[in-house]
Amino acid sequence: MPPIIWKTSWKPGPAAHSTGPGSAVVVSVTEFVTHRPWGTPAVATEGFRLRRSWPSTPGAVAIRLWMDIGPRLDRSGSVTVWTDEASLMRFVARPDHVRVVRAFRGRGVTRSLLRGTTPAALSEPGARPESAADPRLGPVWAYAERILTGAEPWS
């Protein structure tokens, strides 16, 4: 059975209006699989807490949180878009992010993928655009969803 992915709306960051369809961006797709399904809500809660600071995160273009609401309920994560890799690394090193990572270390397995590209380059030929507040992000989500559902590899 294919995963059932629930997702938030895209939340823009301060760099949201400085990028266009042809602008170079860095896309990060992150997945955290908990060892026990009842741990997923706590992970999601922390994700929402970090998301609240998104509008003031330098270099942040957009964020979308997601959760697999299939029978196991053990996967969640984020898809983030950045102006550059340095901005992402500054976010990863922030004390609030480090606190979350340390709190859940040992409670599951994380994997992530980082890709420098343009939103338009992520479109599949013939793909339907997502109806989003920012249509430039539709191809980004479609790409992430292909990875999260196993249609495209994590490498």
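A brief look at the structure comes next. Everything numeric in this text was worked out from a predicted model, so none of it was measured.

**As for helix H3 (residues 95-104)**
Taken together, the buried positions of H3 are His97, Val100 and Phe104. When H3 is viewed along its axis, its buried side chains cluster within an angular range of 60 degrees and face the same direction. Facing away from the buried side of H3 by over 90 degrees, the exposed positions are Pro95 and Arg102. In the core, the buried residues of H3 are packed alongside strand E3 (25-34), helix H1 (40-52), helix H2 (85-92) and strand E6 (108-117).

**With respect to the side chain of threonine 57**
Mapping threonine 57 onto the fold places it in the loop between H1 and strand E4 (60-68). Threonine 57 has contacts with Pro14, Trp82, Phe91 and Arg94, leaving out every residue within four places of it along the chain.

**Some details on the environment of alanine 142**
Within the element layout of this structure, alanine 142 appears in helix H4 (residues 138-148). Note: C-alpha distance between alanine 142 and arginine 105 (37 residues apart in sequence) is 29 Å.

**Observations regarding the packing of aromatic side chains**
Counted by the stated rule, this structure contains 5 aromatic pairs. With centroids separated by 6.4 Å and ring planes inclined at 45 degrees, the aromatic side chains of tryptophan 6 and phenylalanine 48 adopt a geometry described as tilted. In this pair, tryptophan 6 sits in strand E1 (residues 5-7) while phenylalanine 48 sits in helix H1, placing the two residues 42 residues apart along the sequence. Residue classification places tryptophan 6 among the partly exposed residues on the basis of a relative accessible area of 36%. What makes phenylalanine 48 partly exposed here is its relative accessible area of 35%. When the centroid spacing of 6.4 Å and the interplanar angle of 70 degrees are considered together, the rings of phenylalanine 32 and phenylalanine 104 count as edge-to-face. Taken together, the residues phenylalanine 32 in strand E3 and phenylalanine 104 in helix H3 connect sequence positions 72 residues apart. Assessed through its relative accessible area of 11%, phenylalanine 32 is described here as buried. Here the aromatic cluster, defined as three or more aromatic residues joined through ring pairs, consists of Trp54, Trp82 and Phe91.

**What about the environment of alanine 24?**
Counting through the fold element by element, alanine 24 comes out in the loop between strand E2 (11-12) and E3. A relative accessible area of 60% places alanine 24 in the exposed class.

Thresholds applied
- Residues numbered from 1 in each chain as written.
- Predicted model: local features only at pLDDT ≥ 70, side-chain atom pairs only at ≥ 80, totals over all residues.
- Heavy atoms only, no water.
- Buried < 20%, exposed > 50% of the residue type's maximum accessible area, 1.4 Å probe, protein only.
- Helix = DSSP H or I, 4+ residues; strand = E, 2+ residues; numbered from the N terminus.
- Arc of directions from axis to C-beta.
- Contact = heavy atoms within 4.5 Å.
- Phe/Tyr/Trp six-rings, centres within 6.5 Å; stacked < 30°, edge-to-face > 60°.

Treat this as a map of the structure, not an account of what it does.
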